[in-house]
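Fold and geometry: a report
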Amino acid sequence: MSLDTRPLRLQQRLPETTHTRRQPAPRVNPNYPRRMRLADTLQVLCIVSVALAVALFLGSGGAARFGTPADALTSIGIVTGLVGTDLLLVMTLLAARLPAIDRAFGHDSAMALHQSLGKPALYLILAHAVFLIIGYALSSEVNVFAETWNMLTQMPDMLLAFIALGLLVLVVVTSLVIVRHKLPYEVWHIVHLLSYVAVLAALPHMLTAGTVLVAGSPQWYYWLALYVAVAGSIVVYRVVLPIVRSLRSRLVVAGVDREAPGVVSIRLTGRRLHHLQATAGQFFIWRFWTPGQWWQVHPFSLSAAPAHNSLRVTVRALGDGSTDLASVPVGTRVSFEGPYGLFTDRARTSPRIVLVAAGIGVAPIRALLETATFAPGQATVLLRSHSVADSYLVDEIAELCRVRGAEFRIIAGKRAPGAHSWLPGDAVNARISLRTLVPNLSESDVYICGPRRWTDEVVRDARSAGLPTQQIHFERFDW
Amino acid sequence: MRKRAAAAAATASLSVLAIGWLVGTPAVASLQNTLGGSATDATVSAAASAPAVSTPTATATAPAVATATPTATATATPAAAAPAAGVTGTFTGSVVATRFGNMQVSVTIAAGTITDVTALQLTDKDSKSVQISNRAAPVLKAEVLKAQSAAVANVSGATYTTQGYLTSLQAALDAAGF
């Protein structure tokens, strides 16, 4: 027996508790059109910024500078440099935790886009260097090595520019999937911070060596404004805001509860936490100030809806650092960045909700179940595990399902070897899928949290059931 | 990305590119010059270049323009200060400081015709600048003799040299009352 389902459809009258005070009548979230307009605006701005980078070049008379091979190569080099730098700035903004970007796309999607822009940006910058060296070498009638040496020794700020290029290569190489998995997170992170140095070190040569960004020209003002805006966003949203929030909240560890072998819930208390405007389903990046832990950060989702003076996370020993968290002493100061993520009720578009979790992915699902908007009978919770015993927070979820009138199923069993499915092998053979498990799937928002590949399989199942993108929400926790 | 957003992005991007292209194209710059009344000759306005003449240029050249007229000196007295016709002599332009070194030219005018331009100083901050200005100077001289004014096209790859050269030349021509 590997498909164990426990229907708990109890349609009892709901008692007046804090989490059922919301209007139970379901409504399609009015947030969605507004969110899509914001997303559209941001996407248009992103693309127009690339066009503007090319327009800067055209505006300085660039269209006329393609006459000779040397001029053409030089011009191409200038355009690739401008567009590549623009993409680097866009990437930096995507990683700057801008509230607007988090509200429109969610942290996950923003970082996925950030990641996918990395290689194109590097290739453009490399092309910039190569084309300009060849173009200059042609016009000076020397070989490329002599020209490179001339540039380094004779042109202003060129040494800095070459250093910036080297740093960018280092940053992108350490972020390649195959390399990144071999590096400790902290090493990768420190190398990644060098990209800020690279972007800044590249600025002087743009202003002194080129003819596009001439001091005092409109191009010059635009480019500097862009740099100032990006740097300002980083300073405000990645440095100042987290420090201010951490200091104001005075968060400390109030208790550590053992949920299962290797899994603990950490209760945190602080003051005026409602100012953070965190919602169930979001995550924070935590730092526990103990002698052995302070240098590590952990991205953990809330495993209970946030209260005015308390938060809770539930964690499993995944990385190197999570292991010691079971022994973190009560009273430990905790600082944080966040809350982040769009894995919340704000992203809802449909009256019904389906919550699907595997492993420790149950944490944000448990929080969502507490406060998500749905009427009794309109929610389904699916927990996937190897055996019935190794699911976490099961008692809490069962109780919440009973109180709120949600259907609860645990789907246990080993995956068939080689099969591409999120379900156990015999469930696949029995042609069970998301559509057969959930009534009225087409009117539901599906929230999925679990390991990366498993999550991808659930998303695939939901898509093949005909669910549109805006009804599928997922968060992968192994980054 | 939704279709509407993609369409908006495409329209906006194309507009931005078109505006950039128009701003950077000599034909438009010459139109601006014509409207401003500074270019009267059709051949001159066709050769006029946007970045060299009409855009606000480097801060290095801005103060130089301001000091251009007072420092320009004439080695031969012009026949008359105001009327341009029949001016003869050699006139030295102001020293224009650019990021890559100082520039100064002198112009020889015979009976109202520019017959020669001599570069007294060229950008020389480093060998790259020397090489660039040595390449640009003959081109600029030829253009000036052809256009009979300082309104000539930018030499690509030598924007600073061009700007300095033409600013100094204009100062000399102003001194000549040309």
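How each quantity is defined
- Residues numbered from 1 in each chain as written.
- Chains lettered and ligands numbered in written order.
- Predicted model: local features only at pLDDT ≥ 70, side-chain atom pairs only at ≥ 80, totals over all residues.
- Helix = DSSP H or I, 4+ residues; strand = E, 2+ residues; numbered from the N terminus.
- Buried ≥ 20, exposed ≤ 12 C-beta atoms within 10 Å, placed from the backbone.
- Contact = placed C-beta atoms within 7 Å.
- Pairing = 2+ DSSP bridges.
- Axes fitted to C-alpha atoms, helices over the stretch in contact; angles between N-to-C directions.
- Parallel < 35°, antiparallel > 145°, perpendicular 65-115°, else oblique.
- Left-handed = near helix turned anticlockwise from the far one by under 90°.
- Nonpolar A, V, L, I, M, F, W, Y, C, P; charged D, E, K, R; others polar.
- pLDDT = per-residue confidence, 0-100.
- Expected span 1.5 Å × (residues − 1).
- Right-handed = clockwise from strand over helix to strand, strands pointing away.
- Domains from an automatic or database assignment.
- Core = buried A, V, L, I, M, F, W, Y, C linked by C-beta atoms within 7 Å.

Describing the overall build of chain A
- In terms of helices and strands, chain A carries 15 helices and eleven strands.
- Based on the C-alpha atoms only, the size of chain A along its principal axes is roughly 85 × 50 × 45 Å.
- Residue burial in chain A is summarised as follows: out of 479 residues, 42% are buried.
- Taking contacts inside chain A between residues at least 6 apart in sequence as the whole, the part at least 24 apart equals 75%.

Considerations on the sheet that holds strand E7 (residues 352–358) of chain A
Residue and element names in this part refer to chain A.
- Spatially, E9-E8-E7-E10-E11 is the arrangement adopted by the five strands of the open sheet, whose pairing is parallel. Each edge of the open sheet is held by one strand with a lone partner, namely strand E9 (407–412) and strand E11 (472–476). Between one strand axis and the next, the sheet turns through 15 degrees on average, direction left out of account.
- Note that strand E10 (residues 444–450) and E11 share five bridges and pair parallel. The partner of cysteine 449 across the bridge, within E11, is glutamate 475.
- Sitting on the sheet, helix H11 (residues 362–371) is in contact with E7, strand E8 (379–385), E10 and E11, with an inclination near 155 degrees to E7.
- Helix H15 (residues 452–464) rests against E7, E10 and E11 of the sheet, and its axis sits at about 175 degrees to E11.

Digging into the packing of helix H1 (residues 31–59) of chain A against helix H2 (residues 69–94) of chain A
Residues and elements named next belong to chain A.
- Close contact between H1 and H2 brings their axes to 9 Å; oriented N to C, the two are set at 150 degrees. Regarding the angle of H1 to H2, the classification is roughly antiparallel. H2 is crossed by H1, and the crossing has right-handed handedness. Counting all contacts with H1, which are made through Cys46, Ser49, Val50, Ala53, Val54, Leu56 and Phe57, the residues of H2 involved are Ile78, Val79, Leu82, Val83, Asp86 and Val90.
- Partitioning the contact of H1 with H2 into residue classes produces eleven nonpolar, one polar and one charged.

Thoughts on the confidence of the model for chain A
All names here are of chain A.
- Here chain A averages 87 in pLDDT, while 92% of its residues score no lower than 70.
- Of all the helices and strands in chain A, helix H7 (residues 177–180) carries the lowest mean pLDDT, 82, while helix H10 (residues 218–249) carries the highest, 95.
- Scored below 50 in pLDDT, residues 1–25 shows 41 contacts in the model against residues more than four places distant or in partner chains.

Concerning H15(A)
Residue and element names in this part refer to chain A.
- In this model H15 runs 18 Å from its N-terminal to its C-terminal C-alpha over 13 residues, within 8% of the 18 Å that 1.5 Å per residue would give.
- As for H15, its buried residues are in contact with E7, helix H14 (434–437), E10 and E11.
- Two residues or fewer after H15 comes glycine 466, characterised by a positive phi angle close to 90 degrees.

Things to note about the interface of chain A and chain B
- Listed by partner, the interface residues are 32 residues for chain A and 34 residues for chain B.
- Of all the elements in the fold, those that place two or more residues in the side of chain A that touches chain B are H1, H2, helix H4 (106–140) and helix H5 (144–154) of chain A.
- If one sorts the elements of the side of chain A that touches chain B by residue count, H1(A) sits on top with 13 residues.
- Residue composition of the side of chain A that touches chain B, grouped by class: 15 nonpolar, 14 polar and three charged.

Points about the pairing of E8(A)
All names here are of chain A.
- Burial runs high along E8: seven of the seven residues are buried.
- Because side chains alternate across E8, one face comprises the buried residues Ala379, Val381, Leu383 and Ser385, and the other comprises Thr380, Leu382 and Arg384, equally buried.
- Direction of pairing for E7 relative to E8: parallel, over a ladder of six bridges. The residue bridging isoleucine 353 from the neighbouring strand is alanine 379, located in E8.
- Read as a crossover between parallel neighbours, the route from E7 over H11 to E8 is right-handed.
- When E8 meets E9, the two strands line up parallel, connected through six bridges. Residue pairing in the sheet places leucine 382 in a bridge with arginine 409 of E9.
- Of the crossover connections in this fold, the one passing from E8 over helix H12 (residues 394–404) to the parallel E9 is right-handed.

Description of the domain arrangement of chain A
- For chain A, the assigned domains are domain 1 (18–28 + 348–476), domain 2 (32–244) and domain 3 (250–340).
- Relative placement of domain 1 of chain A and domain 2 of chain A: their C-alpha centres are 41 Å apart.

Comments concerning the nonpolar core
- Val54(A), Leu355(A), Val356(A), Ile365(A), Val381(A) and Tyr447(A) are the most contacted members of the largest nonpolar core, which has 119 residues in total.
- Excluding residues within four positions of it along the chain, Val356(A) makes contact with Leu382(A), Val446(A), Tyr447(A), Ile448(A) and Val458(A).
- With 32 residues, the next largest nonpolar core counts Ile132(B), Val144(B), Ala153(B) and Phe178(B) among its residues.

A look at unusual backbone geometry
Residue and element names in this part refer to chain A.
- Looking along the chain, the bond that leaves glycine 338 and enters proline 339 is cis, with omega of 0 degrees.
- Here proline 339 shows up in strand E6 (residues 334–340).
- The phi angle at arginine 250 is positive, at roughly 45 degrees, despite the residue not being glycine.
- Arginine 250 sits in the partly exposed class, given 14 other C-beta atoms within 10 Å.
- For leucine 393, which is not glycine, the phi dihedral falls at a positive 55 degrees.

Side note on the sheet that holds E6(A)
All names here are of chain A.
- Pairing within the open sheet is antiparallel, and its three strands lie in the order E4-E3-E6. Both outer strands of the open sheet, strand E4 (298–301) and E6, are each paired with one neighbouring strand and no more. Along the sheet, successive strands turn relative to each other by an average axial angle of 30 degrees, direction set aside.
- Both strand E3 (residues 283–288) and E4 contribute to a ladder of four bridges, which runs antiparallel. Directly across from phenylalanine 284, in E4, lies its bridge partner phenylalanine 300.

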